Each structure stands twice: as structure tokens, then as C-alpha cells.
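# Structural features, examined
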Amino acid sequence: MAQGDGEHEAEASSARKLKSESYFQEKELWGFIHRSFTKSMGYTEEDLRKPVIGICNTFSELNKCHSHFNELVEYVKRGVWQAGGLPMAFPTISIGEPYIKPTSMLLRNLMAMDTEEMMKAQPIDGVVLIGGCDKTVPAQLMAAASVNIPAIVLTGGPMLNGRLNGRSLGACTDCYGFTLEHKAGNITDEELAIAENAVCRSDGHCMVMGTASTMASIAEAIGMALPGNAAIPAPDSRRRHMAERTGKQIVELVRRDIRPRDIMTAEALENAIAVTMASGGSTNAIIHLIAISQRLGRKLPLETFDAISASTPFILNLRPSGKYQMEEYFEAGGVPALMKELEAHLHLDCLTVTGRTIRENLASARTLNRDVIRTAAEPLDAQGGIAVLRGNLAPDGALVKQTAVTARLKKHRGQAVVFESPADMEARIDDPDLDVDENSVLVLKNAGPKGGTGHARDRADSDPEEAARPGGARHGTDLGRENQRHVLRRADRSRGARSGGRRQSGVGAHGRLDRAGH
Ligand code: FES
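My aim in this report is to walk through the structure given alongside it, one point at a time. Residue indices follow the written sequence of each chain, beginning from 1 at its first position. Local features in this predicted model are restricted to residues whose pLDDT is 70 or higher, and side-chain atom pairs enter the listing and the counts only when it is 80 or higher, whereas totals over whole chains, interfaces and linings include all residues. Based on all heavy atoms of the structure, the side-chain values leave hydrogens and waters out of the count.

With that out of the way, let us pick up the pairing of strand 4 (residues 151–155). With five of five residues buried, strand 4 is to be regarded as a mostly interior element. Buried means the residue's accessible area, taken with a 1.4 Å probe over protein chains only, is under 20% of the maximum for its type, while exposed means over 50%, and partly exposed covers the values in between. Here a helix means four or more residues in a row that DSSP labels H or I, a strand means two or more in a row labelled E, and each is numbered from the N terminus. Both faces of strand 4 are covered, namely the face carrying A151, V153 and T155 and the face carrying I152 and L154. Looking at chain direction, strand 3 (residues 126–131) and strand 4 are connected through five bridges and run parallel. Pairing of L129 across the sheet is with V153, part of strand 4. Handedness of a crossover: with both strands directed away from the viewer, a clockwise path from the first strand across the helix to the second marks it as right-handed. Taken together, strand 3, helix 6 (residues 136–147) and strand 4 constitute a β-α-β crossover, and its handedness is right-handed. If DSSP finds at least two bridges between two strands, the strands pair.

Here's what the structure looks like:
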């Protein structure tokens with residue numbers, strides 16, 4: 001369906017046979033079985049004639065960021081029923097960043113495959129994807145891109161700000177800070193315990209502009225979540241209202257047959273990149289957007305990110321790059337207000353899950369706090385948050401969140417101290433005998449997952465041609481190349497003084513990195 005199609009096409013598509021009809025209206029044996037088993041759960045004949053809306057519930061008590069999802073599901077169901085659909089919740093794996101070591105990134109592709117297969121295997125006509133913690137929303141967007149049935153994203157929302165002695169705290173930025181202060185002997189065990197209780201004080205995902213908030217913003221910017229979804233705090237009643245509205249809207253998307261590939265176009269991906277750059281979003285967003293794009297059969301080179309970053313003003317004053325957190329972002333107008341400021345940098349004709357364009361969605365958006373969301377004319381920085389660097393340290397490209405580093409570190413020379421993996425870093429970073437000083441550049445070679453499940457999608461996430469191949473059945477043993485990018489972290493003085501590592505062999509005392517294409 002082309003962008004901006006009107007009522008005529010919507011009516012035509014409503015005549016399309018729904019997948020659920022082939023299950024529940026079938027006359028033969030399997031129709032009997034489908035109806036009999038489903039009615040046993042209390043559904044009536046009338047219910048089985050409605051479009052079936054799957055609600056992908058990633059609730060888990062082992063994923064704190066999703067611990068409130070069962071309640072959200074009930075609000076989504078309310079909206080689906082109101083709009084004339086039949087809601088049916090189903091689980092997939094739920095991957096939470098705090099417990100899965102070294103990172104839940106190792107399981108993102110598995111979650112994408114789980115979600116994809118459940119969306120394909122079940123008699124659902126549309127799906128509400130409820131995610132939140134870092135790698136869950138990209139996994140769900142990857143699945144939506146592959147399966148391409150009507151889909152909409154609802155995120156669980158950020159936590160309320162942490163509070164301690166009148167100070168606003170954020171996860172995980174302050175988790176690192178308190179731990180290092182304790183390690184340095186600057187705070188006591190008791191003070192550390194008080195801080196632990198104060199940082200995370202509600203349901204929801206991390207409330208700084210980390211990966212979770214970035215991916216929630218991207219889901220909105222790319223058109224796959226309703227406007228305003230990303231920033232509503234998890235415990236706020238308006239999150240429940242958003243859940244209900246999302247439930248209503250997925251039924252409308254099914255009726256109009258609006259699908260993820262109608263929405264996640266090349267231009268929509270560029271909008272998502274621009275919003276990420278203007279927000280000081282996470283460098284992980286680049287890894288995830290490449291994977292989503294490849295599920296759509298498109299290459300998304302690092303140069304595209306760098307070019308958009310170079311031309312997009314950084315205007316969102318949120319930690320870790322700025323001062324505030326998601327709670328203040330919500331009160332200032334959230335993603336719609338930021339996108340309104342960015343209109344000159346966006347493709348405004350992109351279709352969204354509202355059934356309307358970005359331009360139409362932003363008609364009434366406005367900023368309510370200018371210290372949180374700056375204007376494009378008076379930005380915090382003329383360029384976006386992430387720069388792509390190349391050099392002898394990273395010939396394939398390295399990412400720097402330039403808005404989150406001090407001016408002193410933007411031009412820096414120092415010896416490269418290389419860790420081969422997160423485990424290598426854990427094992428050696430506190431060794432006082434390792435060769436490091438305050439000018440050292442710490443390099444973590446984050447190889448990501450190696451060795452795959454054999455699923456064709458393991459390949460597809462790194463190979464756009466495979467991704468585009470219908471039902472591609474090639475088996476692979478390696479996961480995405482996008483996961484294998486080296487992540488560079490420049491040491492600040494305090495961390496460098498306590499850290500250890502070894503010199504990069506073959507590089508010499510000074511590595512070189514320059515901004516790609518600049
Ligand atoms: Fe889930 Fe930070 S731990 S978003």
C-alpha cells in the first residue's frame with residue numbers, strides 16, 4: 001500500500017480474507033478443532049468472527065523492565081475489544097539487560113526469531129508488540145519487518161526519576177557513578193545501600209537516554225508506535241491510556257491492511273536516525289537500525305549515520321549527554337515535540353501507525369519546556385550525538401557518542417589499551433600492574449555473539465540479500481557482522497587511573513581515528 005492511500009484502498013483491503021478466518025471459519029476437521037479448542041477458553045462463535053489480535057507479552061519477573069506488562073496487556077485488550085477485535089496474548093522470551101551477562105545483545109537475534117516464528121505460526125491478523133528493555137524493541141521491530149503483518153509497538157515506559165537528597169538519579173548512569181565512588185572509598189557501604197534503593201523506585205525501563213529510551217523513541221520516529229508513546233513514565237496513568245489506544249489502533253491497522261513495510265521505508269529509517277542524533281541517543285541504536293534495515297532487505301551503511309548526524313542539531317538536554325531524564329522529556333512534550341523542532345530535517349510524508357503521516361501527527365505538537373527540548377536554531381550542539389570514526393584502530397568504523405564526552409576528550413592522544421572481550425576486561429581491568437595511565441584509550445573489542453542457532457535468520461541479520469529472500473533456508477553458523485563492530489571507549493582520568501589493560505599489538509603507542517567522510 002502506498003503512503004497516504006485513502007479510504008478507497010482501506011475499504012478494498014477490508015474485503016481481504018483474514019488469516020484467522022482460514023482457521024475459525026473452515027468447514028473441515030481442522031476448523032472443528034480450532035473452534036472447539038478456542039471456545040473451551042470461553043470465547044463465543046461471535047468472538048471467533050472478529051479479527052484476531054495477538055498481544056506479544058514479554059512479561060518476566062526476571063526482567064525488571066517488563067515486570068508490569070501483565071497489567072498493560074489488560075489495557076491493550078480493552079482497546080482491542082472496544083474496536084471490534086479479539087485479543088489473544090501470547091509469550092515470547094524476555095531479555096533483560098541487568099541479569100544476562102555480558103549483555104542481552106547475545107540473545108537479541110534469538111528473541112527476533114522467536115517473535116517472528118510465533119507471529120507466523122499463529123492465527124493472528126495483527127499484533128501488538130510490547131517491549132521495553134534495551135534489546136527487546138529492536139528484536140520486535142526486526143520480527144515485524146520480516147513477517148509484515150499489521151503490527152504496532154507499545155513500550156513499557158521509563159522509570160520515574162530516582163531521588164536522593166533532592167537530587168535526581170538515573171539508571172544506569174548513576175549505578176556506575178555510585179559503584180565507582182564506593183570503590184574509591186568516597187561513600188560508605190550504608191550510603192551505597194541507600195543509593196541502591198533510591199535509583200530504581202518504580203516499574204519501567206532505564207530513564208536516561210540509554211538504549212531502551214532510544215529504541216522507544218525510534219519506534220515512534222519510524223512510525224511504528226503511536227505519537228507520545230516513548231516518554232510516558234511506566235507508572236503514569238497515561239501509559240495505561242496509551243495501551244488502550246494502541247489496542248484500538250491495531251484493529252484499525254488490520255482493517256486498513258497497513259503493514260510494517262508500508263511504514264518502515266528508507267525515509268522512515270532516516271527519520272529514526274535523525275531523531276536518534278538529535279536526542280543524543282545510544283550508539284547501540286546504530287547496530288539495531290542496521291539489523292532492522294537488513295530485515296527489510298536494505299543496506300544501511302555507517303556513512304548514512306555519519307552524514308545525518310553531521311547535518312542534524314543535537315537539541316535534547318537528557319542524560320547521559322545532558323541534564324534531564326525521561327520524566328522531564330515527557331512533561332516537555334516527548335518525541336512529538338522534538339520531531340516538531342526537527343521538521344526541516346525529517347521526511348514528513350512518511351506513513352505511521354496512526355494511518356496518517358508524520359506531518360499530520362505533528363500538527364498539534366509543541367514544546368513545553370525549552371531547557372529540555374531546544375530549538376533547531378539554538379541547539380545544544382550543531383551536530384548530532386554520534387560520530388562514526390575510522391582509522392588504524394578501527395578500519396571497519398567505530399562509534400563515538402560525542403555529546404556525552406567532555407571537550408577535552410574530543411581531541412586526544414594516548415596509548416591504546418585493548419581488551420579482547422567483555423570477559424577479558426572484567427578479568428584485568430582492576431589489575432594494578434597493568435600498563436595504563438590517565439591518557440590511555442580503552443578499547444573493548446565487543447565481538448558479540450559467535451556461533452549461531454543454524455536458523456536462516458542468523459544469516460539474514462547480517463546479509464540483506466538473505467533477508468530479502470522469501471523463506472531463505474540457508475543455514476549459517478555466524479551471527480550478524482553488525483554485532484562485531486569494535487566499540488571504543490575513551491578513558492576518563494578517574495577510570496583510567498584505576499584501570500588496566502595491554503597495549504594494542506601492531507598499533508604502537510598512538511592509534512588514529514578520524515570522522516568518516518569529514
Ligand atoms: Fe532494562 Fe536498562 S536494564 S532498560
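Right, let's get into the nonpolar core. M224, F305 and Y329 are the most contacted members of the largest nonpolar core, which totals 118 residues. Not counting residues within four places of it along the chain, the set of residues in contact with Y329 comprises M209, A231, L316, L318, G334, V335, L338, V372 and I373. To define a nonpolar core, start from buried Ala, Val, Leu, Ile, Met, Phe, Trp, Tyr and Cys residues and group those joined through side-chain atoms within 4.5 Å. In this description, contact between two residues means that some pair of their heavy atoms is separated by no more than 4.5 Å.

Once that is clear, we can look at the side chain of T211. Along the polypeptide, T211 turns up in helix 9 (residues 211–221). Of note is the side chain of T211, whose polar atom sits 3.1 Å from the side chain of S282. Two N or O atoms count as a polar contact when they lie within 3.5 Å, although within protein this holds only if one can serve as hydrogen donor and the other as acceptor, and sequence-adjacent residues are included solely when both atoms are side-chain atoms. Side-chain polar atoms of T211 contact the side chain of N284, separated by 2.8 Å.

Attention now moves to helix 5 (residues 108–121). In this analysis, the expected span of each helix is defined as 1.5 Å times one less than the number of residues it contains. The end-to-end C-alpha distance of helix 5, which contains 14 residues, comes to 20 Å, matching closely the 20 Å that a straight helix rising 1.5 Å per residue would cover. Three or more residues of helix 5 are buried, namely R108, N109, M111, A112, M113, T115, E116 and M119.

Another point: the pattern of salt bridges. Salt bridges, as used here, are contacts in which a Lys or Arg side-chain nitrogen is within 4 Å of a carboxyl oxygen on Asp or Glu. Under the counting rule described, the total for this entry stands at 21 salt bridges. Among the ionic pairs, D134 bridges to K135, the shortest N-O distance being 3.5 Å. Per residue, the accessibility class of D134 equals that of K135, and both read buried. In this structure, a network of salt bridges that share partners links the residues E116, E117, K120 and R295.

Attention now goes to the sheet that holds strand 2 (residues 86–91). Each strand in a sheet pairs with another by means of backbone hydrogen bonds, the pair being arranged parallel or else antiparallel. With respect to topology, four strands assemble into an open sheet ordered 2-1-3-4, the strand pairing being parallel. Bordering the open sheet on either side are strand 2 and strand 4, each of which pairs with just one other strand. For this sheet the average axis-to-axis angle between neighbouring strands, irrespective of direction, equals 25°. Pairing geometry for strand 1 (residues 52–57) and strand 3, over five bridges, is parallel. Counterpart to G54 in the pairing with strand 3 is V127. Only the stretch in contact is used when a helix axis is fitted, and all axes are lines through C-alpha atoms; the angle between N-to-C directions ranges over 0 to 180 degrees. Set on the sheet, helix 10 (residues 237–256) makes contact with strand 1, strand 3 and strand 4; between it and strand 4 the angle comes to about 175°.

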